[in-house]
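# A closer look at the structure
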Amino acid sequence: MEVAANCSLRVKRPLLDPRFEGYKLSLEPLPCYQLELDAAVAEVKLRDDQYTLEHMHAFGMYNYLHCDSWYQDSVYYIDNLGRVMNLTVMLDTALGKPREVFRLPTDLTACDNRLCASIHFTSSTWVTLSDGTGRLYLIGTGERGNSASEKWEIMFNEELGNPFIIIHSISLLNTEEHSVTILLLRIEKEELDMKGSGFYVSLEWVTISKKNKDNKKYEIIKRDILRGKSVPHYAAIEPDGKGLMIVSYKSFTFVHGGQNLEENKNENMSEKIKEPLYYWQQTDDDLTVTIRLPEGSSKEDIQVQFLPDHIDIVLKGQRFLEGNLYSSVDQESSTWIIKENNSLEIFLIKKNEGLTWPELVVGDKQGEFIRDSAQCAAIAERLMHLTSEELVNLGSNQYLFSVIVDPKEMPCFCLRHDVDALLWQPHSSKQDDMWEHIATFNALGYVQASKRDKKFFACAPNYSYAALCECLRRVFIYRQPTPMSTVLYNRKEGRQVGQVAKQQVASLETNDPILGFQATNERLFVLTTKNLFLIKVNTEN
């Protein structure tokens with residue numbers, strides 16, 4: 001899998017407002033509508049054996065309300081009768097009851113170790129669904145919202161092992177076949193390494209396909225598994241289905257790489273992952289390069305030539321690596337040795353101490369940089385168990401939430417940048433500009449930090465407002481600055497204020513905990529155990 005190296009988040013300065021003066025509390029009432037549910041939401045509380053922080057992040061804070069980004073103001077939830085219920089709003093003053101669009105064929109309460117049922121809207125006509133027991137459903141829906149063509153029909157269902165939740169899915173259609181690629185999340189018991197919590201996070205990347213030239217059923221053609229130690233803040237499949245983008249506190253590595261069940265079920269998976277030609281690391285004073293040697297290599301088979309700005313490595317008469325170094329080294333002090341694990345270690349002494357090298361050999365992409373010195377001990381193991389990964393450090397940019405702006409693109413994610421909250425749109429096809437800064441919510445990074453009881457965070461797809469809710473009752477709305485209808489002056493600076501950003505607070509008439517929260521351009525939807533609330537935020541079309 002190809003990955004982008006040395007990428008950075010490039011802030012668009014015109015989208016920042018250094019003179020932003022804060023939010024003004026508005027007492028304007030917000031229209032709020034309440035719908036009583038026929039059956040309670042299928043909430044699954046954490047069991048006694050789900051005691052870690054990762055269980056809480058993945059399942060305890062799960063958003064039970066799902067927004068269909070392909071259709072405006074259409075939300076779904078699953079109730080304890082196994083029904084997928086939909087509410088589509090056309091007119092606030094003529095709200096109907098949520099309607100049943102599908103019923104799970106299994107009894108959800110029969111499985112003791114089940115997770116919450118999850119759903120993802122793969123395309124305008126396809127849905128992926130999990131019942132929380134370990135079974136995956138692929139459902140053709142027709143054009144949702146069109147009563148003449150909408151019909152939810154199971155096209156594929158299969159037991160995939162331990163229970164999981166669906167994180168993301170996409171639909172890929174060409175002249176030869178239709179494929180659906182799905183990303184699943186599990187938290188598994190760690191059987192071998194009992195350090196830490198005793199659990200690990202598993203991401204399974206599944207591809208289901210059907211050839212167009214015949215009438216065979218959909219079947220799984222590929223399964224990949226990634227493993228990590230923290231629940232990712234964000235995980236999405238790239239639009240071409242060839243890569244993943246993950247935002248996580250700790251890294252993920254492939255356990256099975258490219259397991260193509262259709263082409264060759266018996267192929268050795270490790271051969272499909274391209275091994276880096278070399279590994280390298282650095283301190284302020286020196287660099288260390290580690291190379292895996294061919295079997296039976298001896299000192300006589302190795303030639304390493306050091307020049308102040310150049311390196312040339314020959315193994316068994318074959319040129320292994322040659323090129324200009326990023327900066328100068330002390331050739332007299334640089335050396336190399338053969339290690340017991342059949343690897344060559346080259347030590348280069350920097351002439352410019354303290355200079356951080358972004359690359360070892362100018363223009364060479366065949367090596368892998370070991371970013372953390374604590375990983376040095378793992379080099380030998382990684383030479384034997386090959387993985388392909390690249391990390392981009394977000395530093396102090398706290399992750400806040402994700403939102404789908406365009407359903408044909410990957411979901412956007414929002415990060416704190418100083419006091420602001422910045423929205424980023426991933427573009428996997430643009431290697432030099434993979435993350436585009438598309439919107440800013442002024443001072444929201446600072447404001448949200450004071451909300452100790454916040455549970456869910458969201459924003460409108462058109463960026464007109466951001467909102468967060470607490471575990472109980474209260475919803476906070478932060479609008480983008482809008483022009484003033486009256487003249488207002490800043491007394492401190494003696495200037496006229498042209499725009500004001502409003503903050504509004506809504507209090508729900510319920511004592512039930514909030515289980516789901518979704519934002520559209522005009523409305524906020526809030527789900528509790530027994531009620532669905534609709535808050536009209538924007539009245540403009």
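Residues numbered from 1 in each chain as written. Predicted model: local features only at pLDDT ≥ 70, side-chain atom pairs only at ≥ 80, totals over all residues. Heavy atoms only, no water.

Here we come to the overall build of the protein. When helices and strands are counted, the protein shows three helices and 37 strands. By the burial criterion, 49% of the 541 residues in the protein qualify as buried. Relative to all contacts within the protein whose residues are 6 or more apart in sequence, the contacts with residues 24 or more apart total 56%. Counting only carbon and sulfur atoms, one obtains 47% of the accessible surface of the protein, whose full area is about 27500 Å². (Helix = DSSP H or I, 4+ residues; strand = E, 2+ residues; numbered from the N terminus. Buried < 20%, exposed > 50% of the residue type's maximum accessible area, 1.4 Å probe, protein only. Contact = heavy atoms within 4.5 Å. Areas by Shrake-Rupley, 256 points an atom, 1.4 Å probe, with all protein chains shown as cover.)

We now examine the packing of aromatic side chains. Under the definition given, this model contains 12 aromatic pairs. Where Tyr-326 meets Trp-357, the ring centres are 6.1 Å apart and the plane angle is 55°; that geometry is what we call tilted. Of this pair, Tyr-326 sits in the loop between β22 (318-324) and β23 (335-338) while Trp-357 sits in the loop between β24 (343-349) and β25 (367-369), and the two are 31 residues apart along the sequence. Exposure remark for Trp-357: the relative accessible area of 1% places this residue in the buried category. Directly above the aromatic system of Tyr-200 lies the positively charged group of Arg-227, at a separation of 3.7 Å from the ring centroid. Taking NZ or CZ as reference, Lys-451 lies 4.3 Å from the ring centre of Phe-476, over its face. (Phe/Tyr/Trp six-rings, centres within 6.5 Å; stacked < 30°, edge-to-face > 60°. Lys NZ or Arg CZ within 6 Å of the ring centre and 35° of its normal.)

Looking now at helix α1 (residues 53-60). Here α1 has its buried residues at Glu-54, His-55, Ala-58 and Phe-59. Seen from one end, α1 has its buried residues packed into an arc of 95°, which puts them on one side. Each element contacted by the buried residues of α1 is listed here: β11 (165-173), β12 (177-189) and β13 (199-211). (Arc of directions from axis to C-beta.)

Mean pLDDT for the protein: 85, with 86% of residues reaching 70 or above. Across the protein, strand β7 (residues 118-120) holds the top mean pLDDT of 97, while helix α2 (residues 379-384) sits lowest at 43. Note that residues 261-273 has pLDDT below 50 and, in this model, 18 contacts with residues that lie over four places away or in other chains. Scored below 50 in pLDDT, residues 373-391 makes 37 contacts in the model with residues more than four places away or belonging to other chains. (pLDDT = per-residue confidence, 0-100.)

Here we take up the sheet that holds strand β9 (residues 135-140). Taken in spatial order, the four strands line up as β7-β8-β9-β10 in an open sheet, and their pairing is antiparallel. Where the open sheet ends on each side, the last strands, each with one partner, are β7 and β10 (153-159). Looking at each pair of strands side by side, their axes are set apart by 15° on average, direction ignored. (Pairing = 2+ DSSP bridges. Axes fitted to C-alpha atoms, helices over the stretch in contact; angles between N-to-C directions.)

Bringing the nonpolar core into the picture now. As a rule of thumb, soluble globular proteins bury nonpolar side chains together. Formed by 37 residues in total, the largest nonpolar core has its most connected members in Tyr-64, Leu-185, Ile-187, Leu-527 and Leu-532. Per-element tally for this core: the top contributor is β13, with four residues. Each residue touching Leu-185, except ones within four places of it in the same chain, is listed here: Ala-58, Phe-59, Phe-164, Ile-165, Ile-167, Val-201, Ser-202, Leu-203, Val-231 and Pro-232. Formed by 22 residues, the second largest nonpolar core is a distinct cluster that contains Leu-287, Val-289, Ile-291 and Val-329. (Core = buried A, V, L, I, M, F, W, Y, C linked by side-chain atoms within 4.5 Å.)

With that settled, consider the side chain of Gln-282. Positionally, Gln-282 belongs in strand β18 (residues 278-282). Polar side-chain contacts of Gln-282 include one of 2.8 Å to the side chain of Lys-350. Among the polar contacts made by the side chain of Gln-282, one reaches the main-chain carbonyl oxygen of Trp-357 at a distance of 2.8 Å. Non-local contacts of Gln-282, meaning those with residues more than four positions away in its chain, are made with Leu-287, Lys-350, Leu-355, Thr-356, Trp-357 and Phe-369. (Polar contact = N/O pair within 3.5 Å; in protein donor to acceptor, adjacent residues only side chain to side chain.)

The next point concerns the pairing of strand β21 (residues 310-315). Taking burial as the measure, the six residues of β21 include five buried ones, the bulk of the element. Sheet topology note: the strand β20 (residues 302-307)/β21 ladder contains six bridges and is antiparallel. By the bridge assignment for β21, Phe-306 is matched with Ile-311. Hairpin geometry of β20 and β21 is characterised by an intervening segment of two residues between the two adjacent antiparallel strands. Examined bridge by bridge, β21 and β22 share six bridges and lie antiparallel to one another. The residue of β22 that forms the bridge with Ile-313 is Leu-321.

Close approach of charged atoms allows side chains of opposite charge to pair. Following the criterion strictly, the structure yields 19 salt bridges and no others. Its salt-bridge partner being Arg-135, residue Glu-159 comes within 3.6 Å of it at the nearest N-O pair. Separated by 24 residues along the polypeptide, Glu-159 in strand β10 and Arg-135 in strand β9 bring together distant segments of the chain. Here Glu-159 falls in the partly exposed class, since its relative accessible area comes to 39%. Judged by relative accessible area, which is 21%, Arg-135 ranks as partly exposed. (Salt bridge = Lys/Arg side-chain N within 4 Å of Asp/Glu carboxyl O.)

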